[in-house]
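Residue-level structural notes
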Amino acid sequence: MVFEGSTISSATFDKADFTPDVLICVDQSGTIDRVISATDIDYQSVKQAALDTDRLLKIQDGSYLLPGFTDLHIHAPQWPQAGLALDEPLEKWLNKYTFPLEAKFSDLDFAQKVYQSLVQELLANGTTTGLYFGSVQTKANLVLAKICAQLGQRTFIGKVAMDNPKETPEYYRDSSSKVALTETEHFITEMQKLSQQTGAELTPVITPRFVPSCTDETLQGLGDLAIKYDLPIQSHCSESIWEDHYALQRFQKRDAEVLDQFGLLTDKSVMAHGTQLNDSDLDLFAKRQTALAHCPISNVYFGNSVTRINDAHRKNVKLGLGTDISGGFSPSIYRNMQQTIMSSQMLQDSGKESARITAANAFYLATIGGASALNIKTGQIKAGFKADLQIVQDQYFDIASNDPQDVFERLVYHTTKENIKQVYVSGKLVHNQGEK
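Here the residue numbering is sequential within each chain, running from 1 through the sequence in written order. Two thresholds apply to this predicted model, a pLDDT of at least 70 for residue-level local features and 80 or more for giving and counting side-chain atom pairs, whereas whole-chain, interface and lining totals are computed over all residues. Neither water nor hydrogens contribute to the side-chain values; these are computed over all heavy atoms in the structure.

1. What about the nonpolar core?
Where we set the bar: For this analysis, a nonpolar core means a set of buried residues of the types Ala, Val, Leu, Ile, Met, Phe, Trp, Tyr and Cys, connected via side-chain atoms within 4.5 Å. Exposure is judged per residue with a 1.4 Å probe applied to protein chains only, and the accessible area is read against the type maximum: over 50% gives exposed, under 20% gives buried, and values in between give partly exposed. Only DSSP runs of H or I covering at least 4 residues are called helices, and only runs of E covering at least 2 are called strands; the numbering of each starts at the N terminus.
Of all hydrophobic cores here, the largest spans 90 residues; its most connected members are Tyr 115, Tyr 132, Phe 285 and Met 337. If you tally residues by element for this core, the top one is helix H4 (residues 138-151), at nine residues.

2. Regarding the environment of Ala 145
To keep it simple, the criterion reads: Contacts are assigned to residue pairs with any non-hydrogen atoms lying within 4.5 Å of each other.
Within the secondary structure layout, Ala 145 lies in helix H4. For the pair Ala 145 and Ser 330, spaced 185 residues apart in sequence, the C-alpha separation works out to 22 Å. Discounting chain neighbours no more than four positions away, the residues touching Ala 145 are Ile 157, Met 191, Leu 194 and Leu 202.

3. A closer look at the environment of Phe 363
As for its position among the elements, Phe 363 is in helix H13 (residues 359-373). Phe 363 sits in the buried class, given a relative accessible area of 1%. Along the primary structure Phe 363 and Thr 207 are separated by 156 residues, whereas in three dimensions their C-alpha atoms are 27 Å apart.

4. Focus on the packing of helix H5 (residues 177-198) against helix H6 (residues 216-229)
When two helices pack together, their arrangement is given by the angle between their axes and by how far apart the axes lie. Rules: A fitted line through C-alpha atoms serves as each axis, taken over the contacting stretch for helices, and the angle formed by two N-to-C directions is quoted from 0 to 180°. If an angle is under 35 degrees, it is roughly parallel; if it is over 145, roughly antiparallel; if it lies from 65 to 115, roughly perpendicular; otherwise it is oblique. A crossing counts as left-handed when the near helix is turned anticlockwise from the far one by less than a right angle, and as right-handed when that turn is clockwise. Under the scheme applied here, ten amino acids are nonpolar (Ala, Val, Leu, Ile, Met, Phe, Trp, Tyr, Cys and Pro), four are charged (Asp, Glu, Lys and Arg), and all others, including Gly, are polar.
It is at 9 Å that the axes of H5 and H6 come closest, and there the two elements cross at 25°. The orientation of H5 relative to H6 falls into the category roughly parallel. The interaxial crossing formed by H5 with H6 has right-handed handedness. Taken together, the residues of H6 that come into contact with H5 (itself represented by Ser 177, Ala 180, Leu 181, Thr 184, Glu 185, Ile 188, Thr 189 and Gln 192) are Glu 217, Thr 218, Gly 221, Leu 222, Leu 225, Lys 228 and Tyr 229. Tallied by class, the residues present in the contact of H5 with H6 amount to six nonpolar, six polar and three charged.

5. Notes on helix H2 (residues 90-103)
What counts, and what does not: Note that the bend at a residue is defined as the angle between axes fitted to the seven residues ending at it and the seven residues starting at it.
The axis of H2 is deflected most strongly, by about 35°, at Tyr 97, and proline Pro 100 appears within four residues downstream. Of the positions making up H2, those classed as buried are Leu 90, Trp 93, Leu 94, Thr 98, Phe 99, Leu 101, Glu 102 and Ala 103. Along its buried surface, H2 packs onto helix H3 (108-124) and helix H10 (296-302).

6. What about H13?
Just so we agree on the cut-off: By this rule, a helix spans an expected 1.5 Å times one less than how many residues it contains.
With 15 residues, H13 extends 20 Å between its outermost C-alpha atoms, agreeing within 8% with the 21 Å of an ideal straight helix rising 1.5 Å per residue. The sharpest bend along H13 comes to roughly 40°, located at Leu 365. In terms of burial, H13 is a largely internal element, 14 of the 15 residues being buried. One or two residues past the end of H13 sits Asn 375, with phi positive at roughly 55°.

Given below as structure tokens:
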């Protein structure tokens, strides 16, 4: 396939490139083979060849080709409660609302219905790669994996491990550390089989819910499994004052230090939130090459602070964005880019110097940052990268400035799923509402 149109793709943390009139050539493996400028000598011949073989897709005026987004933190079973009870403290929200909901996923028909809705919604919002927390139930997590394979989203999924009876309800937890580890390993092997059978891009992820929910034995066992299978790891780290203090009380160590103690901070780890991370924590993240998933909407409700994104970037910590469904009410990475910018301005207004985030910074987190966190070659429109793409319509094209920077900022601030006309994962069309 060959796309013809204008592209917007992140170049660096501080710069997004606008490139008019290019041809993006995608090979049969779903990888971008070439990006040809209108000034290149073979532009017309490549375009004509694509036309002759009915492989040319011309992007309409007022629409632009952007990279697909990576969402680094999604609680898949929480989708039915997105936007509910966000005025409650985190501990109460978990025990009164969240754990009872997640327990319902032992009903696989219910799981099928919820996950079909969620994955379709994320694709419609331009999310081409998702990093999911599943539930405790292995079979329900495999339902999610099969749906992602069918709908074409690149997917990383973890069976949640939680076995600490002091911090988890009896009706919803692994009955022992042995069960938590055995089921995690079973899920890993089943996910790997499913990926081989379907050819889909499915990766199992080691997933301790967070330090409070797991016993020492389980934390250590999960670290060992990550090494055995060479897998990504996901959890929460210093999400709130409560979580931060819990680690200090139980281990006399910082939350990040506890995770590191059990081998859970690696160059394949993605830790969510980090609102309470101090400089030494960030230095540890940088040393281990562990990524931080910034969840700006959720952090407003449960984080007790604003994550210091610029400080983390200056320390060379890998950074991306997460919606945190359902601690974050919106499945849109666009909405989370907007909140990233707004929250950073509030952080600076509270006295933190050089905290402001620009639209270019936020776009980097949504694209290059998220892809780098998962060590996948996507998030950019350039040769050798996966053709994860979204065709986005500028709804104000006819009435507003068409200066490239103005167009870019309008897309960041105004795009909704209604403006996302088509979405591709590895060159395959996965969402289509057509251009008007």
